[in-house]
Amino acid sequence: TVIRAAILIQNWYRFTMARLEMRRRYSLSIFQSIEYADEQDQLQLSNFFTFMLDHYTHPDSVSHIFTSPSVSQVIDEGLCLTEFERKIDVPDSYYGPRLSFPLTIEDANALLHAFRNEQLLHACYVLQLLCETRKVLKEMPNITHLSTSYSKEITVCGDLHGNLDDLLLIFYKNGLPSEQNCYVFNGDFVDRGKNSMEILIILFAFLLIYPNDLHLNRGNHEDYMMNLRYGFTKEVSKKYKDHGKQILCLLRDVFSWLPLATIIDSKVLILHGGISDTTDLDFLNALERNKVRDHIHVGVILFSLKNLAVQMLRSSFRYLQILDILWSDPRSQNGCTPNKRRGGGCYFGPDVTAKLFERYNLKMLIRSHEFKPEGYEISHDGKVITIFSASNYYEEGSNRGAYIKLNPELIPRFVQYRVSKYTRRQNLQERVGTIESSALKSLREKIYAHRSELTSAFAQYDLNGTGKISVNDWAAAMESVLRLELPWRMLRSQLAQMNADGEVDFMSCFYDLKIGQPIKEVQPALVETLCRYRKDLEIIFNVIDKDHSGLISLEEFSQTWRLFTSHLGIDVYDESLDKLVLSIDYNKDGHIDFNEFLEAFHVVHRLEKKAN
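Residues numbered from 1 in each chain as written. Predicted model: local features only at pLDDT ≥ 70, side-chain atom pairs only at ≥ 80, totals over all residues. Heavy atoms only, no water.

**Q** How should the packing of aromatic side chains be read in this particular structure?
**A** Under the counting rule described, the total for this entry stands at 18 aromatic pairs. Aromatic pair Phe371 and Tyr393: ring centres 6.1 Å apart, planes at 25 degrees, arrangement stacked. Placement of Phe371 in the loop between strand E10 (364–367) and strand E11 (376–379) and of Tyr393 in the loop between strand E12 (384–387) and strand E13 (401–406) is noted, with a sequence separation of 22 residues between them. Overall, Tyr393 belongs to the buried group, its relative accessible area being 13%. Every member of this aromatic cluster is reached through a ring pair, and the members are Phe31, Phe371, Phe388, Tyr393 and Tyr394. Here the guanidinium or amino end of Arg252 rests over the ring plane of Tyr224, the centre of that ring lying 4.0 Å away. (Phe/Tyr/Trp six-rings, centres within 6.5 Å; stacked < 30°, edge-to-face > 60°. Helix = DSSP H or I, 4+ residues; strand = E, 2+ residues; numbered from the N terminus. Buried < 20%, exposed > 50% of the residue type's maximum accessible area, 1.4 Å probe, protein only. Lys NZ or Arg CZ within 6 Å of the ring centre and 35° of its normal.)

What follows is the structure, encoded as structure tokens:
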């Protein structure tokens, strides 16, 4: 009897743990699929900007996107530190760190202490720091070569994405950068998290103090256009209202000077994304990396190829080489195919890795760029390692972060961690429940933003107009519209209701959702379109808004919107748009606050609103 009871408990425990693991995995799949779909939308924006340049009535309003004006137009290349001190006043009431150059370890410690206490570094010192960082980066090669003979171990960190607590925990566990403690940070320092600026300041400060012992590779988020979408631009503008434009403009230049890769002992290649079957390290080492400022230029270059502009062929190869190393992902199948999930870079197989290793006599590829639940993953028979250092990336408790320590034998040792503010108080079931709830919330918002397309797709299976279809048909319709490659049949119980006959009430997908602040003048189709493309429109309007005032003219708004819908092939009545534009010009001055306007078009969960 005791043995039978023990077996029953054991079976129950195994079943419960397996079910929790299943819920955790599909929740993480939802997060990752939505993230990649969003990146795909972001890369496709470059196509729209080329279209915009061709059709805009006032091309001067948008030409600055492509010409990438020199930062010296905003901040003189030769501007010295004393001139910043003279031009930007640091008041006596400022109690944060006061930097003096050249920096010392005491300055770095002061910064760490200040940021732990949520203090800001004054804009004067930020600009000085960025200017000094740019000077150092400009002297660095595209591919940095390191040796373990000078340092017993080298630590490699992956994506941090604005999570300051992760960086502080790494330094606490592994020690601060020094001549005896070498670090490589492999890109994606910014976006998503709320402390991207603080992370950059700390990393740049240690770079200035130990330029031979702290190394930075460029990631796909060290990019002007990505920053507009994923939060870094807003963070800087909010924290540095008066000097945000100068800081952002200088950062755009600093990012363009970040090295592209690091090689340790001529055997270990470290770069942010991955490789392709055309990756040429010699070519990457020789190109002018600062000419590739952000991925929007890729769209411009590719567009020029359609016109067979021969003089652009070499430029296009340069852009595509960088696109591949910043955006690519490994996969288990042989070959090299376009990375359709992200919309940029490629999927590279073990054969592509082996070919590159043979050509350059390499032993290992360390890359980041990709969320991993345990903070790292080994693939391609141990030849490719993914390292991801942002813990709790999607949600509190969603994943561990990790870093790698490489010894002179180049044997990797993984150190995992998780910043724990709240998760220690939760048991496993509560943690999984939190992750699952957040993932499903994001998925429902995605579903609602595609309501019209989904309703049409469901109707094709509902030949008798009953409002009910089979689970298989419901799953097929969901995938045909959303293209997220999710286990829809498994998710059905969380997203839609089923009747006693096993048929899905497909309209129940939308029952608990609505648009935030309905505006009477706007027809439903226009509301849904604005909701669905809110992020894209925010980026487009921010680009047009050159003075960062948050305002654009009604003419610019109308023309941009008409171009955008024309480019996407969306039918929207001009009369409906005109009514909308007039209704949001509250003070009738011919301009609108586009951020406030777009905020009205977001999905609200009815139950959530009621609870609040």
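**Q** Whenever I open this one, unusual backbone geometry confuses me. Can you help?
**A** Most peptide bonds take the trans configuration, and most residues that are not glycine carry a negative phi. Here the residue pair Phe101 and Pro102 is connected by a cis peptide bond, since its omega of 0 degrees sits within 30 degrees of zero. Checked against the element boundaries, Pro102 lands in the loop between helix H3 (81–87) and helix H4 (105–116). The phi dihedral of Asp188 is positive, around 55 degrees, even though this residue is not glycine. Relative to the helices and strands, Asp188 resides in the loop between strand E3 (182–185) and helix H7 (196–209). Exposure remark for Asp188: the relative accessible area of 1% places this residue in the buried category. The residue Asp381 is not glycine, and still its phi comes out positive at about 55 degrees. Within the secondary structure, Asp381 sits in the loop between E11 and E12. Asp381 sits in the exposed class, given a relative accessible area of 79%.

**Q** Quick question: what am I supposed to make of the sheet that holds strand E7 (residues 329–330) here?
**A** The strands that make up a sheet are held in pairs by hydrogen bonds between backbone atoms, and each pair lies either parallel or antiparallel. An order of E7-E9-E8 is seen for the three strands of this open sheet, with the pairing classed as mixed. In this open sheet, the two strands that pair with only one neighbour each are E7 and strand E8 (336–338). The sheet contact formed by E8 and strand E9 (residues 346–348) spans three bridges and is antiparallel. By the bridge assignment, Thr337 is partnered in E9 with Tyr347. (Pairing = 2+ DSSP bridges.)

**Q** Help me understand the packing of helix H9 (residues 232–239) against helix H10 (residues 244–256) in this model?
**A** Relative orientation and spacing of two packed helices are given, respectively, by the angle between their axes and the distance between those axes. The N-to-C vectors of H9 and H10 enclose an angle of 140 degrees; their axes lie 8 Å apart at closest approach. Classified by the angle between their axes, H9 and H10 sit oblique to one another. Note that H9 runs across H10; the crossing there is right-handed. Between H9 and H10, the contacting residues are Phe232, Thr233, Val236 and Ser237 on the first element and Gly244, Ile247, Leu248, Leu251 and Phe255 on the second. (Axes fitted to C-alpha atoms, helices over the stretch in contact; angles between N-to-C directions. Parallel < 35°, antiparallel > 145°, perpendicular 65-115°, else oblique. Left-handed = near helix turned anticlockwise from the far one by under 90°. Contact = heavy atoms within 4.5 Å.)

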